[in-house]
Amino acid sequence: MINQLLGGRYQLGEMIGTGGMADVYVAQDTRLARQVAVKILRSDLARDPSFVARFRKEALAAAGLNHPGIVAVYDSGEDPAPYIVMELISGYTLRDLIHKGERVPLKRALEIGEGILAALEYSHERGIVHRDIKPANIMITDHGDVKVMDFGIARALADLGATLTSTWNIVGTAQYLSPEQALGEVADLRSDIYSTGCLLYEVLTGKPPFSGDTPVSIAYQHVSGVLVAPSKIQPELPEGVDIILAVALAKKPEDRYQSAGLMLDDLFKIGTGQALTTTIPKVKISRRKILIAALSSVVAVGLIGAGLFITRPSSNSASNPQIPNVVGLTQADAQAMLKDYVVTIQHAHDAVIPLNRVASQIPLATTKAQKGSGVVLTISDGPGDAAIPENLVGMSLNDARAALAAVGLVIAQTQAVASDQALGTVLKVTPDPGSTITAGTGVVLQIASGQVDVPSLIGTDAIQAKTILVQAGFLVKEIDAYDATAPIGTVIRQAPDGGTTQTIGKSVTITVNKAP
(Lines give C-alpha, C1' and ligand atoms only; values in the text may rest on other atoms or scores of the structure.)
Protein backbone atom coordinates (compact mmCIF):
# COMPACT_ATOMS: atom_id res chain seq x y z
CA MET A 1 0.00 0.00 0.00
CA ILE A 2 3.04 2.27 0.06
CA ASN A 3 2.58 5.48 -1.95
CA GLN A 4 -1.19 4.98 -2.02
CA LEU A 5 -3.25 8.14 -1.41
CA LEU A 6 -5.98 7.57 1.18
CA GLY A 7 -9.01 9.79 1.07
CA GLY A 8 -7.35 11.95 -1.54
CA ARG A 9 -5.13 13.33 1.21
CA TYR A 10 -2.84 10.92 3.08
CA GLN A 11 0.20 9.64 1.13
CA LEU A 12 1.19 6.33 2.70
CA GLY A 13 4.81 5.64 3.52
CA GLU A 14 6.43 2.68 5.22
CA MET A 15 4.63 0.33 7.58
CA ILE A 16 5.69 1.06 11.15
CA GLY A 17 3.54 -1.43 13.04
CA THR A 18 1.09 -4.30 12.72
CA GLY A 19 -1.26 -6.19 14.97
CA GLY A 20 -4.30 -8.42 15.09
CA MET A 21 -6.62 -5.55 14.26
CA ALA A 22 -4.77 -3.21 11.92
CA ASP A 23 -1.58 -2.20 10.15
CA VAL A 24 -0.01 1.17 10.89
CA TYR A 25 1.77 3.32 8.32
CA VAL A 26 3.58 6.62 8.46
CA ALA A 27 1.91 9.02 6.04
CA GLN A 28 2.16 12.56 4.74
CA ASP A 29 -0.89 14.77 5.21
CA THR A 30 -0.75 16.58 1.89
CA ARG A 31 -3.14 19.32 2.99
CA LEU A 32 -1.45 20.32 6.23
CA ALA A 33 2.09 19.31 5.18
CA ARG A 34 2.75 17.18 8.24
CA GLN A 35 3.52 13.56 8.99
CA VAL A 36 0.84 11.43 10.63
CA ALA A 37 0.24 7.79 11.50
CA VAL A 38 -2.52 5.96 9.63
CA LYS A 39 -4.05 2.78 11.07
CA ILE A 40 -5.82 0.67 8.42
CA LEU A 41 -8.30 -1.90 9.66
CA ARG A 42 -7.96 -5.60 9.08
CA SER A 43 -9.82 -6.81 5.97
CA ASP A 44 -12.34 -9.03 7.81
CA LEU A 45 -13.38 -6.14 10.05
CA ALA A 46 -13.55 -3.83 7.06
CA ARG A 47 -16.12 -6.15 5.46
CA ASP A 48 -18.49 -5.84 8.44
CA PRO A 49 -20.68 -2.76 7.79
CA SER A 50 -21.97 -2.74 11.35
CA PHE A 51 -18.46 -2.64 12.77
CA VAL A 52 -17.37 0.05 10.31
CA ALA A 53 -20.35 2.20 11.33
CA ARG A 54 -19.59 1.84 15.03
CA PHE A 55 -15.89 2.30 14.42
CA ARG A 56 -16.53 5.59 12.63
CA LYS A 57 -18.69 6.78 15.52
CA GLU A 58 -16.07 5.86 18.11
CA ALA A 59 -13.23 7.37 16.07
CA LEU A 60 -15.11 10.66 16.04
CA ALA A 61 -15.70 10.45 19.78
CA ALA A 62 -12.02 9.70 20.40
CA ALA A 63 -11.11 12.65 18.19
CA GLY A 64 -12.77 14.87 20.77
CA LEU A 65 -10.23 13.84 23.42
CA ASN A 66 -7.72 16.65 23.69
CA HIS A 67 -5.17 15.71 26.33
CA PRO A 68 -1.35 15.59 26.27
CA GLY A 69 -1.44 12.03 27.57
CA ILE A 70 -3.67 10.74 24.75
CA VAL A 71 -2.51 10.09 21.20
CA ALA A 72 -4.60 12.50 19.15
CA VAL A 73 -7.01 11.21 16.51
CA TYR A 74 -7.21 13.65 13.60
CA ASP A 75 -9.43 12.03 11.02
CA SER A 76 -11.00 8.81 9.76
CA GLY A 77 -12.19 7.48 6.43
CA GLU A 78 -13.09 4.41 4.40
CA ASP A 79 -11.39 4.93 1.04
CA PRO A 80 -10.28 2.32 0.04
CA ALA A 81 -10.45 0.65 3.47
CA PRO A 82 -11.53 1.93 6.90
CA TYR A 83 -8.71 3.86 8.56
CA ILE A 84 -7.99 6.37 11.28
CA VAL A 85 -5.40 9.13 11.15
CA MET A 86 -3.47 9.74 14.35
CA GLU A 87 -0.71 11.82 15.82
CA LEU A 88 2.67 10.37 14.82
CA ILE A 89 4.68 9.61 17.95
CA SER A 90 8.43 9.18 17.91
CA GLY A 91 9.21 6.64 20.60
CA TYR A 92 8.35 3.08 21.60
CA THR A 93 5.57 1.14 23.30
CA LEU A 94 5.58 -0.03 26.88
CA ARG A 95 5.42 -3.57 25.48
CA ASP A 96 8.81 -2.96 23.85
CA LEU A 97 10.19 -1.80 27.20
CA ILE A 98 8.81 -4.82 29.06
CA HIS A 99 10.11 -7.26 26.45
CA LYS A 100 13.62 -5.92 26.93
CA GLY A 101 13.51 -7.47 30.40
CA GLU A 102 15.08 -4.43 32.03
CA ARG A 103 13.99 -3.42 35.53
CA VAL A 104 12.20 -0.11 35.61
CA PRO A 105 13.15 2.02 38.64
CA LEU A 106 10.32 2.68 41.09
CA LYS A 107 10.25 6.42 40.36
CA ARG A 108 9.96 5.85 36.61
CA ALA A 109 7.34 3.11 37.03
CA LEU A 110 5.23 5.47 39.13
CA GLU A 111 5.61 8.18 36.47
CA ILE A 112 4.34 5.76 33.82
CA GLY A 113 1.37 4.81 35.98
CA GLU A 114 0.60 8.46 36.70
CA GLY A 115 0.69 9.27 32.98
CA ILE A 116 -1.76 6.49 32.15
CA LEU A 117 -4.14 7.39 34.98
CA ALA A 118 -4.11 11.10 34.13
CA ALA A 119 -5.22 10.24 30.59
CA LEU A 120 -7.89 7.84 31.88
CA GLU A 121 -9.18 10.38 34.39
CA TYR A 122 -9.68 12.84 31.52
CA SER A 123 -11.39 10.30 29.24
CA HIS A 124 -13.60 8.86 32.00
CA GLU A 125 -14.84 12.34 32.90
CA ARG A 126 -16.02 12.57 29.29
CA GLY A 127 -17.76 9.22 29.35
CA ILE A 128 -15.19 7.28 27.33
CA VAL A 129 -13.87 4.00 28.75
CA HIS A 130 -10.82 2.57 27.02
CA ARG A 131 -11.49 -1.16 27.69
CA ASP A 132 -8.14 -2.28 26.26
CA ILE A 133 -5.37 -0.93 28.49
CA LYS A 134 -2.28 -3.03 27.78
CA PRO A 135 1.43 -2.33 27.18
CA ALA A 136 1.01 -2.26 23.39
CA ASN A 137 -1.41 0.67 23.74
CA ILE A 138 0.94 2.79 25.86
CA MET A 139 3.48 4.91 24.01
CA ILE A 140 6.64 6.37 25.55
CA THR A 141 7.90 9.31 23.52
CA ASP A 142 11.55 10.08 22.89
CA HIS A 143 11.20 12.76 25.58
CA GLY A 144 9.86 10.22 28.09
CA ASP A 145 6.24 11.36 28.01
CA VAL A 146 3.47 8.76 28.37
CA LYS A 147 0.66 8.63 25.81
CA VAL A 148 -2.32 6.27 25.69
CA MET A 149 -3.67 5.29 22.28
CA ASP A 150 -6.53 3.37 20.63
CA PHE A 151 -9.41 4.88 22.55
CA GLY A 152 -12.75 3.82 21.12
CA ILE A 153 -11.68 0.69 19.26
CA ALA A 154 -12.69 -1.78 21.95
CA ARG A 155 -15.82 0.32 22.53
CA ALA A 156 -16.77 -0.08 18.87
CA LEU A 157 -16.55 -3.84 19.27
CA ALA A 158 -18.44 -3.84 22.56
CA ASP A 159 -21.27 -1.76 21.10
CA LEU A 160 -21.81 -4.48 18.51
CA GLY A 161 -22.36 -6.98 21.28
CA ALA A 162 -19.01 -8.57 20.51
CA THR A 163 -17.33 -10.54 23.27
CA LEU A 164 -13.85 -11.90 23.50
CA THR A 165 -15.18 -15.24 22.30
CA SER A 166 -14.75 -13.99 18.75
CA THR A 167 -12.39 -11.06 19.20
CA TRP A 168 -9.72 -12.27 21.58
CA ASN A 169 -6.88 -11.21 19.30
CA ILE A 170 -8.46 -7.77 18.87
CA VAL A 171 -9.62 -6.62 22.27
CA GLY A 172 -6.53 -7.45 24.20
CA THR A 173 -4.54 -10.17 25.86
CA ALA A 174 -5.66 -12.25 28.80
CA GLN A 175 -3.01 -10.88 31.12
CA TYR A 176 -4.67 -7.46 31.37
CA LEU A 177 -8.36 -8.45 31.45
CA SER A 178 -10.54 -7.47 34.38
CA PRO A 179 -12.56 -10.30 35.97
CA GLU A 180 -15.80 -8.85 34.57
CA GLN A 181 -14.32 -8.78 31.05
CA ALA A 182 -13.08 -12.36 31.46
CA LEU A 183 -16.65 -13.37 32.31
CA GLY A 184 -18.16 -11.50 29.37
CA GLU A 185 -19.80 -8.85 31.54
CA VAL A 186 -20.01 -5.10 31.03
CA ALA A 187 -16.75 -3.16 31.40
CA ASP A 188 -16.79 0.30 32.95
CA LEU A 189 -14.11 2.74 34.10
CA ARG A 190 -13.15 0.40 36.94
CA SER A 191 -12.17 -2.19 34.32
CA ASP A 192 -9.62 0.32 33.02
CA ILE A 193 -8.32 0.73 36.58
CA TYR A 194 -7.93 -3.05 36.94
CA SER A 195 -6.05 -3.30 33.64
CA THR A 196 -3.80 -0.41 34.66
CA GLY A 197 -3.10 -2.25 37.89
CA CYS A 198 -2.08 -5.37 35.92
CA LEU A 199 0.21 -3.30 33.74
CA LEU A 200 1.80 -1.46 36.67
CA TYR A 201 2.27 -4.76 38.54
CA GLU A 202 4.26 -6.12 35.59
CA VAL A 203 6.37 -2.97 35.22
CA LEU A 204 7.25 -3.04 38.93
CA THR A 205 7.86 -6.78 39.36
CA GLY A 206 8.86 -7.94 35.90
CA LYS A 207 5.95 -10.40 35.63
CA PRO A 208 2.18 -10.09 35.18
CA PRO A 209 -0.06 -10.63 38.23
CA PHE A 210 -1.57 -13.81 36.75
CA SER A 211 -0.20 -16.24 34.20
CA GLY A 212 -1.02 -19.60 32.68
CA ASP A 213 -0.46 -21.86 29.71
CA THR A 214 -3.59 -20.76 27.86
CA PRO A 215 -5.77 -17.65 27.79
CA VAL A 216 -8.58 -19.47 29.57
CA SER A 217 -6.29 -20.49 32.44
CA ILE A 218 -5.23 -16.87 32.81
CA ALA A 219 -8.88 -15.78 32.74
CA TYR A 220 -9.63 -18.20 35.59
CA GLN A 221 -6.81 -16.61 37.57
CA HIS A 222 -8.27 -13.12 37.13
CA VAL A 223 -11.64 -14.40 38.36
CA SER A 224 -10.46 -16.59 41.23
CA GLY A 225 -6.70 -16.42 41.74
CA VAL A 226 -5.06 -14.95 44.83
CA LEU A 227 -2.80 -11.99 44.11
CA VAL A 228 0.82 -12.30 45.23
CA ALA A 229 1.91 -9.04 46.85
CA PRO A 230 4.47 -7.23 44.66
CA SER A 231 6.87 -6.95 47.61
CA LYS A 232 7.01 -10.77 47.75
CA ILE A 233 8.60 -10.67 44.30
CA GLN A 234 10.63 -7.46 44.72
CA PRO A 235 11.27 -7.00 48.47
CA GLU A 236 12.60 -3.45 48.01
CA LEU A 237 9.18 -2.17 46.95
CA PRO A 238 7.45 -0.04 49.61
CA GLU A 239 4.36 -1.30 51.43
CA GLY A 240 2.26 1.37 49.74
CA VAL A 241 2.75 -0.34 46.38
CA ASP A 242 1.20 -3.53 47.78
CA ILE A 243 -1.81 -1.54 49.00
CA ILE A 244 -2.35 0.35 45.74
CA LEU A 245 -2.19 -2.77 43.59
CA ALA A 246 -4.34 -4.85 45.96
CA VAL A 247 -7.08 -2.22 45.66
CA ALA A 248 -6.68 -1.73 41.90
CA LEU A 249 -6.77 -5.51 41.35
CA ALA A 250 -9.72 -6.27 43.60
CA LYS A 251 -11.99 -8.93 42.08
CA LYS A 252 -15.16 -6.90 42.61
CA PRO A 253 -15.35 -3.53 40.82
CA GLU A 254 -16.93 -1.92 43.89
CA ASP A 255 -13.83 -2.80 45.94
CA ARG A 256 -11.44 -1.02 43.55
CA TYR A 257 -10.58 2.63 43.21
CA GLN A 258 -13.78 4.25 42.00
CA SER A 259 -11.96 6.73 39.79
CA ALA A 260 -8.61 6.99 38.06
CA GLY A 261 -7.98 10.18 40.01
CA LEU A 262 -8.09 8.35 43.35
CA MET A 263 -5.46 5.85 42.23
CA LEU A 264 -3.43 8.68 40.73
CA ASP A 265 -3.45 10.47 44.09
CA ASP A 266 -2.11 7.38 45.86
CA LEU A 267 0.68 6.92 43.30
CA PHE A 268 1.67 10.54 43.88
CA LYS A 269 1.76 9.92 47.65
CA ILE A 270 4.06 6.92 47.18
CA GLY A 271 6.36 8.96 44.96
CA THR A 272 6.58 11.77 47.50
CA GLY A 273 6.96 9.52 50.53
CA GLN A 274 3.55 10.25 52.02
CA ALA A 275 1.53 7.70 53.99
CA LEU A 276 -1.54 6.14 52.37
CA THR A 277 -4.98 6.21 53.96
CA THR A 278 -6.43 3.73 51.46
CA THR A 279 -7.06 0.27 52.89
CA ILE A 280 -7.16 -3.12 51.20
CA PRO A 281 -10.75 -4.43 50.88
CA LYS A 282 -11.50 -7.43 53.06
CA VAL A 283 -12.37 -10.68 51.29
CA LYS A 284 -15.05 -12.44 53.34
CA ILE A 285 -15.01 -15.80 51.55
CA SER A 286 -12.17 -18.23 51.14
CA ARG A 287 -10.21 -18.80 47.95
CA ARG A 288 -11.94 -22.18 47.55
CA LYS A 289 -15.40 -20.61 47.66
CA ILE A 290 -14.37 -17.95 45.15
CA LEU A 291 -13.08 -20.65 42.83
CA ILE A 292 -16.24 -22.75 43.16
CA ALA A 293 -18.46 -19.73 42.49
CA ALA A 294 -16.39 -18.72 39.49
CA LEU A 295 -16.35 -22.21 38.01
CA SER A 296 -20.08 -22.71 38.56
CA SER A 297 -20.77 -19.50 36.66
CA VAL A 298 -18.82 -20.64 33.63
CA VAL A 299 -21.26 -22.47 31.41
CA ALA A 300 -19.72 -21.99 27.97
CA VAL A 301 -16.20 -22.40 26.72
CA GLY A 302 -15.52 -21.11 23.18
CA LEU A 303 -12.63 -22.14 20.99
CA ILE A 304 -10.84 -19.11 19.54
CA GLY A 305 -7.72 -18.43 17.53
CA ALA A 306 -5.45 -17.74 20.48
CA GLY A 307 -6.92 -20.22 22.96
CA LEU A 308 -10.14 -20.59 24.97
CA PHE A 309 -12.46 -18.03 26.48
CA ILE A 310 -14.99 -18.30 29.28
CA THR A 311 -18.36 -16.57 29.21
CA ARG A 312 -21.17 -16.16 31.69
CA PRO A 313 -24.62 -15.86 30.08
CA SER A 314 -27.61 -14.36 31.82
CA SER A 315 -29.47 -16.53 34.33
CA ASN A 316 -31.55 -19.44 32.98
CA SER A 317 -30.22 -18.86 29.46
CA ALA A 318 -27.62 -21.63 29.10
CA SER A 319 -29.68 -23.49 26.52
CA ASN A 320 -30.84 -20.39 24.64
CA PRO A 321 -29.31 -19.56 21.23
CA GLN A 322 -27.38 -16.39 20.49
CA ILE A 323 -29.13 -13.71 18.48
CA PRO A 324 -27.37 -13.27 15.12
CA ASN A 325 -25.87 -9.96 14.05
CA VAL A 326 -28.14 -8.47 11.37
CA VAL A 327 -26.94 -4.84 11.40
CA GLY A 328 -26.28 -3.70 7.84
CA LEU A 329 -28.60 -6.30 6.23
CA THR A 330 -31.80 -5.63 4.35
CA GLN A 331 -35.04 -6.06 6.30
CA ALA A 332 -35.92 -9.24 4.40
CA ASP A 333 -32.52 -10.86 5.01
CA ALA A 334 -32.57 -9.84 8.67
CA GLN A 335 -36.04 -11.31 9.24
CA ALA A 336 -34.99 -14.53 7.55
CA MET A 337 -32.08 -14.86 9.98
CA LEU A 338 -34.39 -14.04 12.90
CA LYS A 339 -37.15 -16.48 11.92
CA ASP A 340 -37.17 -17.98 15.44
CA TYR A 341 -37.99 -14.60 17.04
CA VAL A 342 -40.84 -12.11 17.00
CA VAL A 343 -39.47 -9.16 15.04
CA THR A 344 -40.71 -5.61 15.50
CA ILE A 345 -39.71 -3.02 12.89
CA GLN A 346 -39.18 0.69 13.50
CA HIS A 347 -37.57 3.38 11.35
CA ALA A 348 -35.12 6.19 12.08
CA HIS A 349 -32.61 8.37 10.27
CA ASP A 350 -29.01 7.17 10.47
CA ALA A 351 -26.01 9.08 9.19
CA VAL A 352 -23.87 6.03 8.51
CA ILE A 353 -26.11 3.05 7.70
CA PRO A 354 -27.44 3.05 4.10
CA LEU A 355 -31.11 3.55 3.35
CA ASN A 356 -33.35 0.51 4.04
CA ARG A 357 -30.64 -1.39 5.92
CA VAL A 358 -30.76 -2.46 9.57
CA ALA A 359 -29.19 0.34 11.62
CA SER A 360 -29.45 -1.30 15.06
CA GLN A 361 -30.96 -4.24 16.88
CA ILE A 362 -32.18 -4.84 20.41
CA PRO A 363 -31.09 -7.13 22.03
CA LEU A 364 -27.55 -6.78 20.69
CA ALA A 365 -25.93 -9.49 18.62
CA THR A 366 -24.52 -12.49 20.56
CA THR A 367 -27.03 -11.94 23.38
CA LYS A 368 -28.67 -15.22 24.40
CA ALA A 369 -32.45 -15.09 24.07
CA GLN A 370 -35.25 -17.63 24.19
CA LYS A 371 -36.84 -18.59 20.87
CA GLY A 372 -40.10 -16.75 20.39
CA SER A 373 -38.90 -13.70 22.31
CA GLY A 374 -38.94 -10.25 20.76
CA VAL A 375 -36.24 -8.49 18.71
CA VAL A 376 -36.58 -4.84 17.70
CA LEU A 377 -34.92 -3.78 14.43
CA THR A 378 -34.40 -0.15 13.46
CA ILE A 379 -34.34 0.32 9.69
CA SER A 380 -32.34 3.27 8.36
CA ASP A 381 -34.35 5.98 6.59
CA GLY A 382 -31.09 7.40 5.29
CA PRO A 383 -29.01 10.15 6.81
CA GLY A 384 -31.65 12.85 7.22
CA ASP A 385 -30.58 16.42 7.90
CA ALA A 386 -28.26 18.04 10.43
CA ALA A 387 -27.71 21.66 11.36
CA ILE A 388 -24.16 22.99 11.45
CA PRO A 389 -23.52 24.30 15.00
CA GLU A 390 -23.64 28.08 15.35
CA ASN A 391 -20.62 28.48 17.63
CA LEU A 392 -17.83 26.72 15.71
CA VAL A 393 -15.86 29.89 14.87
CA GLY A 394 -13.39 30.53 17.66
CA MET A 395 -13.31 26.90 18.81
CA SER A 396 -10.20 24.77 18.75
CA LEU A 397 -10.06 22.22 15.95
CA ASN A 398 -10.61 19.34 18.40
CA ASP A 399 -13.62 21.03 20.02
CA ALA A 400 -15.10 21.81 16.61
CA ARG A 401 -14.63 18.21 15.51
CA ALA A 402 -16.43 16.97 18.63
CA ALA A 403 -19.28 19.49 18.18
CA LEU A 404 -19.77 18.37 14.57
CA ALA A 405 -19.66 14.70 15.54
CA ALA A 406 -22.35 15.32 18.14
CA VAL A 407 -24.81 16.36 15.40
CA GLY A 408 -23.74 13.67 12.93
CA LEU A 409 -21.35 15.69 10.78
CA VAL A 410 -17.65 15.37 9.99
CA ILE A 411 -14.81 17.62 8.85
CA ALA A 412 -14.35 17.16 5.10
CA GLN A 413 -11.36 19.46 4.82
CA THR A 414 -9.26 21.86 6.86
CA GLN A 415 -7.53 24.84 5.30
CA ALA A 416 -4.66 26.35 7.28
CA VAL A 417 -4.38 30.12 6.84
CA ALA A 418 -2.15 32.76 8.38
CA SER A 419 -3.82 34.44 11.34
CA ASP A 420 -3.06 36.13 14.64
CA GLN A 421 -5.38 33.63 16.34
CA ALA A 422 -4.00 30.70 18.31
CA LEU A 423 -2.84 27.65 16.38
CA GLY A 424 -5.82 25.47 15.36
CA THR A 425 -8.52 28.07 16.03
CA VAL A 426 -11.48 27.80 13.66
CA LEU A 427 -11.75 30.99 11.60
CA LYS A 428 -14.45 30.17 9.04
CA VAL A 429 -16.95 27.38 8.35
CA THR A 430 -18.32 26.34 4.95
CA PRO A 431 -21.31 25.98 4.60
CA ASP A 432 -22.20 28.73 7.06
CA PRO A 433 -23.03 27.88 10.69
CA GLY A 434 -26.74 27.30 11.10
CA SER A 435 -27.08 25.79 7.63
CA THR A 436 -28.91 22.49 7.28
CA ILE A 437 -27.09 19.79 5.33
CA THR A 438 -27.30 16.02 4.95
CA ALA A 439 -26.17 14.16 8.06
CA GLY A 440 -22.94 12.26 7.62
CA THR A 441 -21.54 14.80 5.17
CA GLY A 442 -18.62 17.10 5.86
CA VAL A 443 -17.90 20.77 6.30
CA VAL A 444 -14.79 22.76 5.42
CA LEU A 445 -13.00 24.58 8.22
CA GLN A 446 -10.46 27.35 7.87
CA ILE A 447 -8.11 27.10 10.82
CA ALA A 448 -5.35 29.35 12.05
CA SER A 449 -1.95 28.02 11.07
CA GLY A 450 -0.45 29.80 14.05
CA GLN A 451 1.80 31.75 11.71
CA VAL A 452 1.65 35.44 10.89
CA ASP A 453 3.74 37.81 8.82
CA VAL A 454 6.80 39.16 10.60
CA PRO A 455 6.70 43.00 10.46
CA SER A 456 9.51 44.81 8.67
CA LEU A 457 11.43 46.67 11.38
CA ILE A 458 14.64 47.93 9.71
CA GLY A 459 15.07 51.62 10.52
CA THR A 460 12.42 51.55 13.27
CA ASP A 461 13.23 52.90 16.72
CA ALA A 462 14.12 49.96 19.01
CA ILE A 463 11.40 50.69 21.59
CA GLN A 464 8.77 50.99 18.90
CA ALA A 465 10.01 47.79 17.21
CA LYS A 466 9.71 45.83 20.45
CA THR A 467 6.18 47.15 20.98
CA ILE A 468 5.16 46.11 17.47
CA LEU A 469 6.56 42.58 17.97
CA VAL A 470 4.90 42.07 21.36
CA GLN A 471 1.55 43.25 20.01
CA ALA A 472 1.91 40.82 17.09
CA GLY A 473 2.41 37.93 19.54
CA PHE A 474 6.17 37.42 19.24
CA LEU A 475 8.90 37.17 21.84
CA VAL A 476 11.77 39.61 21.38
CA LYS A 477 15.50 38.96 21.46
CA GLU A 478 17.70 42.03 21.27
CA ILE A 479 21.41 42.24 20.42
CA ASP A 480 23.64 45.23 19.86
CA ALA A 481 25.89 46.19 16.96
CA TYR A 482 27.22 49.36 15.39
CA ASP A 483 26.55 50.74 11.92
CA ALA A 484 27.92 54.23 11.24
CA THR A 485 25.46 54.72 8.38
CA ALA A 486 22.32 54.27 10.51
CA PRO A 487 20.83 56.35 13.36
CA ILE A 488 21.69 55.24 16.88
CA GLY A 489 18.88 53.35 18.60
CA THR A 490 17.27 52.00 15.44
CA VAL A 491 16.96 48.43 14.18
CA ILE A 492 19.66 47.63 11.63
CA ARG A 493 18.98 43.87 11.20
CA GLN A 494 16.27 41.35 12.08
CA ALA A 495 15.72 37.62 11.92
CA PRO A 496 13.47 36.32 10.47
CA ASP A 497 13.26 38.94 7.76
CA GLY A 498 10.24 41.19 7.46
CA GLY A 499 7.52 39.74 5.27
CA THR A 500 8.30 36.11 6.11
CA THR A 501 6.01 34.05 8.36
CA GLN A 502 6.76 32.92 11.87
CA THR A 503 4.75 30.93 14.42
CA ILE A 504 3.06 33.06 17.06
CA GLY A 505 4.92 32.89 20.37
CA LYS A 506 8.33 32.34 18.82
CA SER A 507 11.17 34.83 18.97
CA VAL A 508 12.17 37.54 16.54
CA THR A 509 15.72 38.82 16.95
CA ILE A 510 16.42 42.50 16.35
CA THR A 511 19.87 44.05 16.13
CA VAL A 512 19.87 47.58 17.57
CA ASN A 513 22.43 50.16 16.47
CA LYS A 514 24.44 51.21 19.49
CA ALA A 515 27.48 53.46 19.54
CA PRO A 516 30.75 51.69 20.38
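Residues numbered from 1 in each chain as written. Predicted model: local features only at pLDDT ≥ 70, side-chain atom pairs only at ≥ 80, totals over all residues. Heavy atoms only, no water.

Quick notes on the nonpolar core
Move 1: By size, the foremost hydrophobic cluster in this structure holds 48 residues, and its most contacted members are Ile 116, Phe 151 and Met 263.
Move 2: Every element with two or more residues in this core is listed here: helix H2 (49–63), helix H3 (94–99), helix H4 (106–125), strand E8 (138–141), strand E9 (146–148), helix H8 (189–205), helix H11 (239–248) and helix H12 (260–271).
Move 3: When sequence neighbours within four positions are dropped, the list of residues in contact with Ile 116 reads Ile 138, Val 146, Val 148, Thr 196 and Leu 199. (Core = buried A, V, L, I, M, F, W, Y, C linked by side-chain atoms within 4.5 Å. Buried < 20%, exposed > 50% of the residue type's maximum accessible area, 1.4 Å probe, protein only. Helix = DSSP H or I, 4+ residues; strand = E, 2+ residues; numbered from the N terminus. Contact = heavy atoms within 4.5 Å.)

Things to note about the environment of Val 327
Move 1: Within the element layout of this structure, Val 327 appears in the loop between strand E11 (307–311) and helix H14 (331–337).
Move 2: Taking relative accessible area as the criterion, Val 327 reaches 14% and is therefore assigned buried.
Move 3: Spatially, the C-alpha atoms of Val 327 and Pro 49 are 7.5 Å apart, while their sequence positions differ by 278 residues.

A word on the confidence of the model for the protein chain
Move 1: Counting all residues, the mean pLDDT for the protein chain is 80, and 84% of those residues have values of 70 or more.
Move 2: This model gives residues 157–172 a pLDDT under 50, and the stretch forms 50 contacts once residues within four places in sequence are excluded.
Move 3: Low confidence marks residues 287–317, where pLDDT is under 50. Its contacts with residues over four positions away, or in another chain, come to 60 contacts. (pLDDT = per-residue confidence, 0-100.)

Points about the pattern of salt bridges
Move 1: Applying the stated criterion across every chain, the model contains 13 salt bridges.
Move 2: One salt bridge in this structure joins Lys 134 and Asp 132, with 3.7 Å as the shortest N-O distance.
Move 3: It is possible to trace a salt-bridge network through shared partners that takes in Arg 9, Asp 29 and Arg 34. (Salt bridge = Lys/Arg side-chain N within 4 Å of Asp/Glu carboxyl O.)

Some thoughts on unusual backbone geometry
Move 1: With an omega of -5°, the peptide bond running from Thr 430 to Pro 431 counts as cis.
Move 2: Here Pro 431 shows up in the loop between strand E17 (426–430) and strand E18 (436–438).
Move 3: For Arg 131, which is not a glycine, the phi torsion comes out positive at approximately 75°.
Move 4: Its place among the elements puts Arg 131 in the loop between H4 and E8.
Move 5: Classification of Arg 131 by relative accessible area gives buried; the value is 15%.
Move 6: In this structure, Asn 356 is a non-glycine residue whose phi angle is positive, near 65°.

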